[in-house]
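# Coordinate analysis (summary)
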Amino acid sequence: MENKSYWKGLAELEETPEFIHERDKEFAEELPIEEIFNSNFVQKPRARRDFLKMLGFSVTAATVAASCKIPVRQAIPYIIKPEEIVPGLANYYASTYADGSDYCSILVKTRDGRPIKIEGNSHSTITKGGTSARAQASILSLYDKARTSAPEKEGKIIEWSAADSDIKNQLAAIKTKGGNIRILSSTVLSPSTKNLIAEFGTYYGNTRHIVFEPMSNSGIISANEKSFGKKLIPGYNFDRAKVIVSFAADFLGTWISPIEFTKQYVTNRKVSKAKAEMSRHYQFESNVSLTGSNADKRIAIKPSEEGDAIIALYNMIAGFAGKTAVTGGKVSDKAAKSLNKAAAEMWANKGASLVVCGSNNTNSQILINAINDILGSYGNTIDLDNYSNVAQGNDKDFSDLLTEMEAGSVDALIIYNTNPVYSFSKGKKFGEALKKIGLTISFNDRNDETTSFVKYHLPDNHFLESWNDAEVKLGKYSLSQPCINPIFNTRQAADSLLKWMDSADDYSNLIKKNWEKYVFPTQTQELSFQSFWDNCVRVGVYEKAATATTTFAFAGDVNAAASGLGGKKSDGMELLIFESVGLGNGKYANNPWLLENPDPITKVVWDTVAMISVPYGKENNLVEGDMIEVSAGDFKLELPVVLQPGMANNTIAVAVGLGREKCGRAGNGVGKNVYPFVTMNVDTMNYSNSSVSVKPTGNKYELAITQTHGTIEGRNILQETTLSEYKKNPKSGNHSSEEFEKIDGVTLYPQTIHKYEGLRWGMNIDLNSCIGCGACQVACSAENNVPVVGKDEVRRVHEMHWIRIDRYYSFAGDKERVTKESHSNAIGLGNQYDDVKDWEDIEVVHQPMLCQHCENAPCENVCPVAATNHSSEGLNQMTYNRCIGTRYCANNCPYKVRRFNWFDYTTADSFPWNTYNKSEGVAMMIDDLTRMVLNPDVTVRSRGVIEKCSFCVQKLQDAKLTAKKQDRPLGDGEAKTACQSACPADAIVFGDVNNKETAVAKTREDERNYHVLAELHVKPSIGYMVKVRNNENMA
Amino acid sequence: MTFYYKPSRIAELTRVSAKIVFLFSFVFYFNSSVSNAAVSVADGQKLYANNCRSCHVTPDKDQVLVGPSLKNIDKKRSEAWLISWIRNNVALRASGDKDAIAIFEEYKKASMTQFLSFTDDDIKSIIAYINDASNKVPVAATAPTAGSAGADEENADSYTGILWVVVVVLMGISFLIFRINNNLRHYAGEKIGDEIPEERPFFKAIFSKGNVALMLFMCVMFLGYWMVKEGQGLGRSRDYQPIQPIKFSHKIHAGQNQINCLYCHSGAEKSKVASIPSVSVCMNCHKAIKEGPITGTAEIAKIYAAFDNNQPIKWVKIHNLPDHVYFNHSQHVKAGEVACQTCHGPIETMDEVKQFSSLSMGWCVNCHRNTGTTFEQNKYYEPLFTRLHDELKTGKIKHVTGGDLGGTECQKCHY
C-alpha cells in the first residue's frame, strides 16, 4: 500500500499564504534587526562617546563583580541521621495517588527528604506501572504556594485547638436538637475514610454522606441497578475484547479508569509476526476524543443522534439473537453501515466483545447493558462482581442536598475535596445556599470558589503528606504513606473528624487497625500482622484474587429505555461538554505543568476553546481564533474557535477544567468555566445540549497552539499499513528502510564514523501503542527541570518541551502516496478539499517526537563552540555551560526538537526578580518552595542556551554506576528514560542496541521498524514501528 | 617559550607518574594476590581498619580510646575466647563468662558492637594482624599513596619557577653582552677613526618610539594574559581554608588515630556526596572521649552542645562545584577505587582542611585521560569494549584510562 498524505493542521493542508510565509522563515518570530539599526541609539551622531561610556561602565562593573567574594556555603549534617537516608541518594516509597475518580499506584522518588518525582508502581495489577499526566504532575501541587497554610475561621487564622472546640460545641448543639449534618465529598476510595464517615454519622446522628462528581457517571450506576439490581460501576476487561464499540466513552483519556483501560487496551493493539492479531475498535462520537483518535473507525454523530445509534445497534444485535426490536433507531446511512458491521462482528465474537457508552443518561446505559447481556459480555469483558469503586458521584443525592440547603434544613455541611461552586452548573445557587447553613466546614486544600463561602477552612494535607488507603476495585487495596512532613500547618481531614468524635486515635492508627481487622484475615501468607503490614507498606498494594464471577439476569426495561431515548435528533447547533484529558475536572487548574501540556487533539495550551467542524467554520467564515458567543438557556459565553477535522457537523465541543477564579496564581482567569452549560436531566446531569445558539462576535483571539509550530512539508514521516497487508508482508507500509539502507557506510568523512565499542543507547516507539495521552511530556518536564513558559511565550513559539507528541490527520481511505508532484497537485486543490473529502471521516496518528540522537547529527557540525557533540554511547550531548546561544543547531535540526532559553525561565541566574514575568506562569520557579521540586541531578538551565532531550542521561549514568558498584554487567531495562517509565501504553522501549539480546535491539530487526527522515541519512537512534490499522471493511 | 614548554612537560610528567602508579598497582596487586590464604595479616588489617579502629587505637600503641588497646591481646586471652567475644559479646556475657563481665564493668557498661557476620577466619586474621602490629615500633603517619595529577601540577609549578629564574638571568646576560658589544664597537670605531655615531643618552635610547611601542605591546600582552588567567581562576578556590565552627583536626582523627575515612564519610562509597557525619556519629566515640590533646574539652563540648540542644553543626563547605557539574563520590571511591587523597591531598596531615586540588576542568580531565581504571577487575566491563580487552591481553596497551571508556565526554559530568 502506498502512503497517504498527512497534515498537522488546516493551514498546512490548504497551504494558506500565512502558512507558507511562516514556513519559509528561519525563525518563527521576526527578528528586530531593522528596528535596531534604525533606532535612535545607533543613528545618534555621537554614538562613539556613548560607546566609550558604556565600555567604561562595563569594565568597572565587571571589575567590581569579579572582586566579590565567593559566597560561603555551608554543609549542615543531621544530628541523628535516619538510617534509611543517605544524602544524595534517592529513596522510593510506594504510595497511591487517589483523588476523586483518579487512581494510580505510584512510587515516590524522594531526595534528601523531599519528593521530586512520581513513578508508576508495577506491583499494582490495576495500573501495572502506568501513570497519567495528572499523576505525574501531582507532585508539583505539593509545593503549590496557593495551598492554605493554616486553619482559618471566616478568613482569619485560628489555632487548631480553638477551631476544634468551636466546631465540637456546635456539632454537639446540633446533635442535641437533632439537626441534619451533611458531608459532601468527591469519590472516596479509602475504605478507612468511608468507615470513619459512617462512624461519624452514628456519633452525631442524622448524618448523610453525599458524593458529587462534576463529570458524573451516575447514569451507569442507576442503569446497573435497574438492569441487574447492582448499584455500582462494573469492572471492564478491554484486554479480553476483540471487538470494542464505544459511544463517546473516552476510556483511554477520562472515562472511569483510563490508566487501567489503556494497559488493557494496548495488549490487543500491539502487533508482531508472532501475534498478527488486533482488536477492532469502533468509536461513535461527536468530538474527536483521545480514544476516538485511536479507533480503527470513528464515526462522527451528533450528541442527539447517540440515542438512536444505540437503539439501532440494540435492534441489530437483538435481531441476531431473535429478540424483538424496540422502536426508534433511525440513523444516517453512514452510521448505519458502520453499526451493521460492528454488530455483525460483535455477534461473531460473542463473549469477546464489549460495548461502552460515555453518556450519563440512564436509558442509554440500560440499552448498552442489554446489548452486552445479549453478547455475553458479562462475566467476560464486563465484571459485575469485581466492581470498581471510582466515579461514585450520585447526581440525585446532590440535587436533593441543594434542595435541602435552600430549604434551610441543613444545620452543618462538611465539604471534603470537592468544589461545587465552580464545578456545578448552578454553582452560584449552591454558594448562596451555603450561607444559610449554620456550620460550614471545608477541608479543601486552598481557598477556592466553594471554600470562600464557608466559615471554617481547615486545610487537608497533600496526599504525599498523608497516610491513607484505597480500594479501587473490589479487593484491590493500596496504601498511601507520607513522604514528607506537612509543609504547611495543615491536618488530614480524617484526623479532624476523629478529633470531633473525641477519639484518641489518629488516622494512621485507624488505618492499621482496619487492615488488621478486615484485610489481614483474608490472606494466609504472612503470619503476623506486623510483617503483613510492613510488606504492604513496602509494596504499596495488597491485592486479593478476583472474586469468581456469577451470572446475572438482565431485568431492565428496554422498551421504556428506548422510548426515552430515540427520535431526539435535531438539525440545529448542539453543544457537548467533555472532560479535558490533561486537566480533568479542573481541580488541578493551578498546576503549570498541566496547563502547558498540550491537549492531545487540538494541541491548545492554557485555554478553553470551542471545537467546531471544518464545514461549519467555512460556511460561517470562521477561522481559528475567531470568537463566537455560545448561548444556552440564560447562560452565554464567548469562546475562541478551533476548526476541528473529524468533528460532527453543527456541533460545538468544549472541555471543562479551566475558568477557575480562585485556584492560585497560575490558573486564575485562564480559560472559561463551561460547567454552567451542564443541565439536569431528571436524576442525572446531562453534558450535551441540543438547543444552543451561536453567533460570531467579530472579536479575534490569539490562541497558544503548539501543533502548527513545525511543518512536515509532505515528507514521509509517518508510515502505516493495514493488518491484512501486514499479514501478507510484514514489511508493508515501511518505505524508508530498504531504500536508504544501501547507502549506509557511504560518507565523505570516514574519520567521523562512530565505533560505539561499549554501550550504544537506542529507543523504539511503537506507533500502534502510543495513544497520545501526554503523560510522557509531564514526566519529562519533572525529570529534567523543563521550564514552563506561559501562554504568551507559547504564542511566540517558545515552548520548551523536550518531547512533544505530534498529531497528524489524514482523510480516511486516502491512499495517495506523498510525492512532490502529488503534493503540489494537492496544493492546487486548495479549498476544493471540501468537495472531495469527508471532513468527518478523519484518521489520526500520534507520534512522539524528541531528539533522535542522530549518528550523523546535523546539529553537531554547525556548532561553532562544539557545545553539542556525539558521545561514544550514541548520545547527542548538549553541554549548557559551553553553549553560547547561536541557535545554529536548532536551525539545522530536521526534527525541530531543540529548544532555546529565550529568558531565564527557571531563574537559574542569581538575581531573583530579574526575570521575564509577563505571564504569571513563567515565573513559577522563583519561590524557594516550588524550587524544591527540581531534580538536583540535572542542571537548571540559564538564559541564552539551547536544551533538548538527553535520553535522561542522569538516569543512564545512575544505572551504569549501580551496576559498576555491584560489580556486574548492566541488565536490559535497568536504564529507563522518564518518558518510557511514565507511559501507560508501554509504547517506548529503550536500551543498549549493541547487545543483541535486549528488547530494543530486537526491535531493530523488526520489519516494522523505520527511521523518521531516513532519507537525510542522519541515522537516528530512535526507531518507530509502522502503524498498523485494523480498519478494513468497517464501512 | 616557557609557555609552550609547560604543557608538554606536564604531559611527560604525568605519563611517567602514571607508569609509576601502574607499576605500584602491580606491586599491590601481587601483594594481595599472594596472600589469599584463609587467615592473613593483610585481611586482618583491612577488617581492623573498617570495624575496630573507630573504638580501639592501632595495636602498636598502648592507649585507651573507647575501648582498650589491643596490643598483645593474643597473649592475654585465648583465641577461642576472643572469637566468641568479638562475634557476640552479649551472648558471652549472658553465658556468665567472668572475664567478659569484668571488661564490661570496667568500661562503664558501654557495650561493644556485635560482629555476627564475621567468620572464624576473619577473626583469626584480625588477631594475626594485632599480633603482627603489636611487635612493631609505632610509626608516624605515612605519606599518602596518592599519585598522578595533583602532585604533578605541584611539581610542574616549581619547575616553571626555575625556568622563570633562568629566563631572567639569561635576559640579564644578554643585556650585558649587548652593552658590552655596543661599547666595544664604539671604542673600535674610535680607534679606527670611523665616523662615530652620536651617542644617545641611555634614557633617550630607552624611550625611543620603537621601544615605547614594544613596551606598550608587551604590557597589553601581559595584561591580556593576566586577565585571561585570573578570569579563568574566578570561582576557583584552591587552598581555600575557611574557619570551621569546631576546630576539628583530621590529623588527629585520620592521621594519628587512623580512623577509616569511610567511618565518618560513609556516603563516599554509596552516594554522590561523601556527606559530613551527623552529630550522632561523632558521639559514637566522643561519648567516652571528652578531652582532646590540643584543645582540651573546649571543642568537644561543642559536640555535646549540638547534641543536647538539637542544633546541627554548621560546617563550612570547602569543595564547591558549579551547578552544571555532576560529580559522584561513589563513582570514584567504590567503582573507580580511587584513594581519597588523590583529590583531597594528604588530609591525614592537615589540622585544618584546605582545598588541595584546583577542581578545575583541566585537572579533572587530565586524570580521566591518564589514570588507569578498574576496567579489568569490574565485571561491568566484561561484555563491553572487546577491542580494549583484546589489546590488554596482547599487551598492546598496558591499562585502560577513563578517557578510553568515554570518560572525557561532555555528558559524563555535564547534564
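Note that the structure is a prediction, hence the values are computed from the model and not measured.

Let us look at the overall build of chain A. Within chain A one finds 34 helices and 41 strands. Relative to the globule expectation of 31 Å for 1035 residues, the C-alpha radius of gyration of chain A, 29 Å, shows essentially globular dimensions. Across the 1035 residues of chain A, 55% fall into the buried class.

With that settled, the discussion passes to the overall build of chain B. Within chain B, the regular secondary structure consists of 18 helices and one strand. Expressed as a percentage of the 415 residues in chain B, the buried residues total 23%. In chain B, of all internal contacts separated by at least 6 residues, the share reaching a separation of at least 24 is 75%.

All names here are of chain A. Orientation of helix α12 (residues 306-321) relative to helix α13 (residues 333-348), taken along the N-to-C sense of each, is 40°, at an axis distance of 9 Å. With respect to α13, the axis of α12 lies oblique. Considering the relative orientation of α12 and α13, their crossing is right-handed. On α13, the residues that touch Ala309, Ala312, Leu313, Met316, Ile317 and Phe320 of α12 are Ala335, Ala336, Leu339, Asn340, Ala342, Ala343, Met346 and Trp347. Of the residues assigned to the contact of α12 with α13, the class counts are 13 nonpolar, one polar and no charged.

The subject of this paragraph is the environment of Pro615 of chain A. Summarising the element assignment, Pro615 of chain A is placed in helix α23 (residues 614-619). As for Pro615 of chain A and Val794 of chain A, which are separated by 179 residues in sequence, their C-alpha atoms are 28 Å apart.

Two modes of strand pairing occur in sheets, parallel and antiparallel, and in both the strands are linked by backbone hydrogen bonds. Residue and element names in this part refer to chain A. Sheet architecture is open: four strands sit in the order β38-β31-β40-β39, paired in mixed fashion. Each edge of the open sheet is held by one strand with a lone partner, namely β38 (988-992) and β39 (1009-1010). Across four bridges, strand β31 (residues 761-766) lies against strand β40 (residues 1022-1025) in parallel orientation. Looking across to β40, one finds that Ile765 is bridged to Tyr1024.

A separate point is the nonpolar core. Within the largest apolar cluster, 285 residues are counted, with the highest numbers of intra-cluster contacts made by Ile310, Leu313, Tyr314, Leu367, Ile577, Ala610 and Ile652 of chain A. Broken down by element, this core gets its largest block of residues, eight residues, from α12 of chain A. Beyond its immediate sequence surroundings of up to four residues, Leu367 of chain A is in contact with Ile310, Ile311, Tyr314, Val558, Ala561, Ala562 and Leu565 of chain A. Of all hydrophobic cores here, the second largest spans 14 residues; its members include Leu70, Ile83, Ile123 and Tyr129 of chain B.

On to the domain arrangement of chain A. Residues and elements named next belong to chain A. Per the domain assignment, the segments making up chain A are domain 1 (10-14 + 709-1029), domain 2 (218-388) and domain 3 (571-700). The distance between the C-alpha centroids of domain 2 and domain 3 comes to 26 Å. Taken together, the contact between domain 2 and domain 3 spans 20 residues of the former and 23 residues of the latter. Among the secondary structure elements, those contributing two or more residues to the side of domain 2 that touches domain 3 are α9 (218-228), α11 (290-294) and β12 (297-300). Ranked by residue count, the leading element in the side of domain 2 that touches domain 3 is α9, at three residues. The residue inventory of the side of domain 2 that touches domain 3, partitioned by class, reads five nonpolar, 13 polar and two charged.

Time to look at the interface of chain A and chain B. Taken together, the contact pairs 44 residues of chain A with 48 residues of chain B. For the side of chain A that touches chain B, the leading source of residues is helix α32 (residues 953-965) of chain A, giving six residues. For the side of chain A that touches chain B, a count of residues per class yields 22 nonpolar, 13 polar and nine charged.

This next bit is on the sheet that holds strand β28 (residues 688-689) of chain A. All names here are of chain A. Judged by pairing direction, the sheet is mixed, and its seven strands sit side by side in the order β28-β21-β25-β22-β24-β23-β29 without closing on themselves. In this open sheet, the two strands that pair with only one neighbour each are β28 and β29 (693-700). The sheet contact formed by strand β23 (residues 626-632) and β29 spans five bridges and is antiparallel. Counterpart to Asp626 in the pairing with β29 is Lys700.

Residue and element names in this part refer to chain B. Summary statistics for chain B give a mean pLDDT of 80 and a share of 84% for residues scoring 70 or more. No element of chain B has a lower mean pLDDT than helix α1 (residues 2-34), which averages 41, and none a higher one than strand β1 (residues 315-316), which averages 94. Considering only residues more than four positions removed or in separate chains, one finds that residues 1-36, a stretch of pLDDT under 50, has 33 contacts. Segment residues 139-154 is flagged for pLDDT under 50; beyond a separation of four residues in sequence, or across chains, it makes 36 contacts in the model. Two numbers describe this predicted complex: its pTM, 0.84, and its ipTM, 0.85.

All right, on to the confidence of the model for chain A then. All names here are of chain A. Per-residue pLDDT for chain A averages 87, and the proportion of residues at 70 or more is 93%. Mean pLDDT across the elements of chain A bottoms out in helix α28 (residues 820-829) (43) and peaks in β38 (95). When the criterion is pLDDT under 50, residues 816-835 qualifies, and its contacts beyond four places in sequence or with other chains add up to 22 contacts. A low-confidence stretch, residues 910-922 (pLDDT under 50), is modelled with 27 contacts involving residues beyond four sequence positions or located in other chains.

Turning next to the pairing of strand β25 (residues 651-656) of chain A. Residues and elements named next belong to chain A. Summarising burial for β25: six of the six residues are buried, a large majority. Residue alternation in β25 divides its side chains into two sets, Thr651, Ala653 and Ala655 and Ile652, Val654 and Val656, and both sets are buried. By the bridge criterion, six bridges tie strand β21 (residues 574-579) to β25 in an arrangement that is parallel. Its bridge partner being in β25, Leu576 is matched across the sheet by Ala653.

Residue and element names in this part refer to chain A. The first and last C-alpha atoms of α12 sit 23 Å apart over 16 residues, in line with the 22 Å expected at 1.5 Å per residue. When we look at burial in α12, the residues that qualify are Glu306, Gly307, Asp308, Ala309, Ile310, Ile311, Ala312, Leu313, Tyr314, Asn315, Met316 and Ile317. Packed against the buried residues of α12 are β10 (243-247), β11 (280-285), α13, β13 (353-357), α14 (362-374) and α21 (558-563). At the C-terminal side of α12, Gly322 shows a positive phi close to 75°.

In this section: the environment of Val539 of chain A. Residues and elements named next belong to chain A. For Val539, the position within the fold is in helix α20 (residues 529-539). Residues Val539 and His123, spaced 416 residues apart in sequence, show a C-alpha to C-alpha distance of 6.8 Å. Excluding its chain neighbours within four sequence positions, the residues that come into contact with Val539 are Ala94 and His123.

Before going further, it helps to spend a moment on unusual backbone geometry. At Lys1019 of chain A, a residue that is not glycine, the phi angle is positive and equals roughly 55°. If you trace the backbone, Lys1019 of chain A turns up in the loop between β39 and β40. Its identity as a non-glycine residue notwithstanding, Ser275 of chain B has a phi of 70°, on the positive side. Its place among the elements puts Ser275 of chain B in the loop between α12 (261-264) and α13 (279-286).

Reading guide: rules and limits
- Residues numbered from 1 in each chain as written.
- Chains lettered and ligands numbered in written order.
- Predicted model: local features only at pLDDT ≥ 70, side-chain atom pairs only at ≥ 80, totals over all residues.
- Helix = DSSP H or I, 4+ residues; strand = E, 2+ residues; numbered from the N terminus.
- Rg over C-alpha atoms; globule rule 2.2 N^0.38 Å.
- Buried ≥ 20, exposed ≤ 12 C-beta atoms within 10 Å, placed from the backbone.
- Contact = placed C-beta atoms within 7 Å.
- Axes fitted to C-alpha atoms, helices over the stretch in contact; angles between N-to-C directions.
- Parallel < 35°, antiparallel > 145°, perpendicular 65-115°, else oblique.
- Left-handed = near helix turned anticlockwise from the far one by under 90°.
- Nonpolar A, V, L, I, M, F, W, Y, C, P; charged D, E, K, R; others polar.
- Pairing = 2+ DSSP bridges.
- Core = buried A, V, L, I, M, F, W, Y, C linked by C-beta atoms within 7 Å.
- Domains from an automatic or database assignment.
- pLDDT = per-residue confidence, 0-100.
- Expected span 1.5 Å × (residues − 1).

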